[in-house]
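Close look at the chain arrangement
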Amino acid sequence: MVSDTPIRSSTKRSRNAARGRDDPESDLPPLGRTLPHSPEAEQYVLACCLIDGSDTIARCLESKLTAAAFYETRNRLIYSKLCEIYQRQSTVDIAVLAEELRLARELEEIGGPAYLAEVSNSIPTTAQAQYFIDRVKEQHLLRELIKAATGAVEQCFNFGGGLESFIDKIEQEIFSVTQDRISDAAKPIGGPMKEAMLVLHKMMEKKGELTGVSSGFKDLDALMYGFQRQEMIILAARPSMGKTSLALNFAEAAAMPKRGEPTATLIFSLEMSAAQLALRLLCSRSRVNMKLLREGLIPKHDGAQQRLLDAADEFTKSPLFIDDSSHLSIMELRAKARRVHARTKLGFIIVDYLQLLSPTDAQVPREQQVAEASRGLKALAKELDVPVLVLSQLNRSSEKENRVPKLADLRESGSIEQDADVVLMLARPKDADEKFQVAADSAELIVAKQRNGPVGELKLTFLRDITRFENHTP
């Protein structure tokens, strides 16, 4: 058999030679075409910097335009030097730039004074500076996407094991390319102040304007103004307290609100099947007793069948997604959420429940496994810019001590308390003489932690027959 190693080596050398020693994309394999770039846009940005250095360079930095965004080496060197001059608070003009490049022995490398003159005369005004800044960033983003995708192909050929972590790493690399597209510019107070006054005006009119996803419960929304983007909300309780039922009520309120636009909601159910959740949702919304339905004791003339059909039609048309995969790791969960988000922009994610997530490494202590899952879910909330509601178990301390649950009762890891932006705890009293136990027709929802708001307690009504929570009615 004839080895093809010399052929590959010579091909690689020819590729590198074709790219040039200073090409920033030289680690990319050839694609038979020139990588996306715009020499004119790069020159126009540099020209704007020379015409009005302080303002345009500040705008470039605000837009997160780096030297690496310039495709041509000489343009990259010029931009780097302009930023250095600006940061020293020196005057930015063509004479100072030429002298700085000469001192750094880079003037001839960029083409000498002739090229600087060509650049400075390429555009007469800075009126379109932002357009050309965005154009340079756009071309750089396309090159970075090509680089990430090509790198993924190379890594697939050199795969060494650990498929799930490998896929998560590849997805993160590709997703991270687009994370800096929007600049974090400081805003004048006038805009946010107008928005605040508008919210206050609507609140004074009792319109209940929310800044996040509605929970469907007026007292909870009044306390939290809805579930906020990028926040991880923990809903914790002992088994059989109604965590899943309450979470489904939240999902229904988000995907099928009484007013306003529906919010695309994704439920990860690690405990119950999608069919079981669908049955619960149907009976809850149509207000049909699930036990009587299973036993075939629902009267035929009370409209229950029509209500079930109507509810099924509503759910079918709603932007509600259920993933009932079992043995799901945090990396698999995040990958699935990204894929759904790419098809339908999500506004709310529910995970039922935290302790059932499979560990990435089964050898590490349980506390570290839960901490990894908790951090991963918080990262997912920020990555997709959505609120993530995570159900969690409580330990037995509150039952043993016959008291209301508290933050220290969160099971298996203190990192849950640390990572969470909001912690809700559900407790249901058995009767007036006893503390919090399992079965009751009322419940207390304790806001034990809220990073950006007050804590407190509120009452809910629990309808046992249809496993549904509703606003408390005395």
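Residues numbered from 1 in each chain as written. Predicted model: local features only at pLDDT ≥ 70, side-chain atom pairs only at ≥ 80, totals over all residues. Heavy atoms only, no water.

What follows covers the overall build of the protein chain. Helix and strand counts for the protein chain come out as 18 helices and 10 strands. Every one of the 474 residues in the protein chain was classed for burial, and the buried ones make up 42%. Look at the contacts in the protein chain between residues 6 or more apart in sequence, and 68% of them connect residues 24 or more apart. Split by element, the accessible area of the protein chain, about 25600 Å² in all, is 52% carbon and sulfur. (Helix = DSSP H or I, 4+ residues; strand = E, 2+ residues; numbered from the N terminus. Buried < 20%, exposed > 50% of the residue type's maximum accessible area, 1.4 Å probe, protein only. Contact = heavy atoms within 4.5 Å. Areas by Shrake-Rupley, 256 points an atom, 1.4 Å probe, with all protein chains shown as cover.)

Look at helix H7 (residues 129–157) against helix H8 (residues 163–176): their axes get within 9 Å of each other, and the N-to-C directions meet at 165°. One element, H7, and the other, H8, form an angle in the roughly antiparallel class. The interaxial crossing formed by H7 with H8 has right-handed handedness. Here Leu145, Ala148, Ala152, Gln155 and Cys156 of H7 come into contact with H8, specifically with Phe166, Lys169, Ile170, Glu173 and Ile174. For the contact of H7 with H8, the residue count by class is 7 nonpolar, 1 polar and 2 charged. (Axes fitted to C-alpha atoms, helices over the stretch in contact; angles between N-to-C directions. Parallel < 35°, antiparallel > 145°, perpendicular 65-115°, else oblique. Left-handed = near helix turned anticlockwise from the far one by under 90°. Nonpolar A, V, L, I, M, F, W, Y, C, P; charged D, E, K, R; others polar.)

What follows covers unusual backbone geometry. Of note, Tyr225 is a non-glycine position whose phi angle comes to about 55°, a positive value. Along the chain, Tyr225 falls in the loop between helix H10 (218–224) and strand S1 (232–237). Residue Tyr225 is classed as partly exposed on the basis of its relative accessible area of 34%. Even without being a glycine, Gln230 presents a positive backbone phi close to 70°. As for its placement among the helices and strands, Gln230 is situated in the loop between H10 and S1. Exposure remark for Gln230: the relative accessible area of 33% places this residue in the partly exposed category.

Before going further, it helps to examine the nonpolar core. Ranked by size, the top nonpolar core spans 38 residues in total, and within it Leu220, Phe227, Leu246, Phe250, Leu389, Leu424 and Leu445 carry the most contacts. Top element by residues in this core is helix H11 (residues 243–255). It accounts for 7 residues. Leave out the neighbours within four places in its chain, and Phe227 touches Gly212, Val213, Ser215, Leu220, Ile233, Phe250, Phe348, Pro387 and Leu424. (Core = buried A, V, L, I, M, F, W, Y, C linked by side-chain atoms within 4.5 Å.)

The subject of this paragraph is the packing of aromatic side chains. Applying the stated criterion across every chain, the model contains 8 aromatic pairs. Plain terms: the ring middles of Phe227 and Phe348 are 5.4 Å apart, the flat faces sit at 20° to each other, and that makes the pair stacked. Of this pair, Phe227 sits in the loop between H10 and S1 while Phe348 sits in strand S4 (residues 348–352), and the two are 121 residues apart along the sequence. Judged by relative accessible area, Phe227 falls into the buried class, the value being 1%. In this structure Phe348 comes out as buried when scored by relative accessible area, which is 0%. Ring centres 4.6 Å apart and planes at 45° place the aromatic pair Phe462 and Phe469 in the tilted group. Accessibility classification places Phe462 together with Phe469 in one group, the buried group. Three or more aromatic residues joined by ring pairs make a cluster, and in this case those are Phe217, Phe227, Phe250 and Phe348. Above the plane of the ring of Tyr115 lies Arg74, whose end atom (NZ or CZ) is 3.9 Å from the centre. (Phe/Tyr/Trp six-rings, centres within 6.5 Å; stacked < 30°, edge-to-face > 60°. Lys NZ or Arg CZ within 6 Å of the ring centre and 35° of its normal.)

The subject of this paragraph is helix H3 (residues 53–62). Those residues of H3 lying buried are Gly53, Thr56, Ile57 and Cys60. Down the axis of H3, the buried side of the element spans an arc of 95°, and every buried residue falls inside it. Following H3 by one or two positions, Lys64 has its phi on the positive side, about 60°. (Arc of directions from axis to C-beta.)

A word on the pattern of salt bridges. Following the criterion strictly, the structure yields 17 salt bridges and no others. Residue Glu138 is joined to Arg135 by a salt bridge in which the shortest nitrogen-to-oxygen separation is 2.8 Å. In this pair, Glu138 and Arg135 both sit in helix H7, 3 residues apart, roughly one turn of the helix. Exposure remark for Glu138: the relative accessible area of 39% places this residue in the partly exposed category. A salt bridge links Glu252 to Arg285; the shortest N-O distance between them is 2.6 Å. Here Arg285 lies in helix H12 (residues 274–286) and Glu252 lies in helix H11, a separation of 33 residues in the sequence. Linked through salt bridges whose partners overlap, the residues forming this network are Glu252, Arg285, Arg287, Glu314, Arg468 and Glu470. (Salt bridge = Lys/Arg side-chain N within 4 Å of Asp/Glu carboxyl O.)

Averaged over all residues, the pLDDT of the protein chain equals 78, while 81% of them reach at least 70. Least confident of the elements in the protein chain is helix H1 (residues 5–19), whose mean pLDDT is 39; most confident is S4, at 91. Taken as a whole, residues 1–22 scores under 50 in pLDDT and shows 10 contacts with residues more than four places along the chain or in a different chain. Confidence over residues 432–439 falls short of pLDDT 50; this stretch has 22 contacts with residues more than four positions distant or in other chains. (pLDDT = per-residue confidence, 0-100.)

Of all 6 residues in S1, 6 are buried; the element is thus mostly enclosed. Burial of the side chains of S1 extends over both faces: Met232, Ile234 and Ala236 are buried on one face and Ile233, Leu235 and Ala237 on the other. Across 6 bridges, S1 lies against strand S5 (residues 388–393) in parallel orientation. Residue pairing for S5: Ile233 is matched across the bridge by Leu389. (Pairing = 2+ DSSP bridges.)

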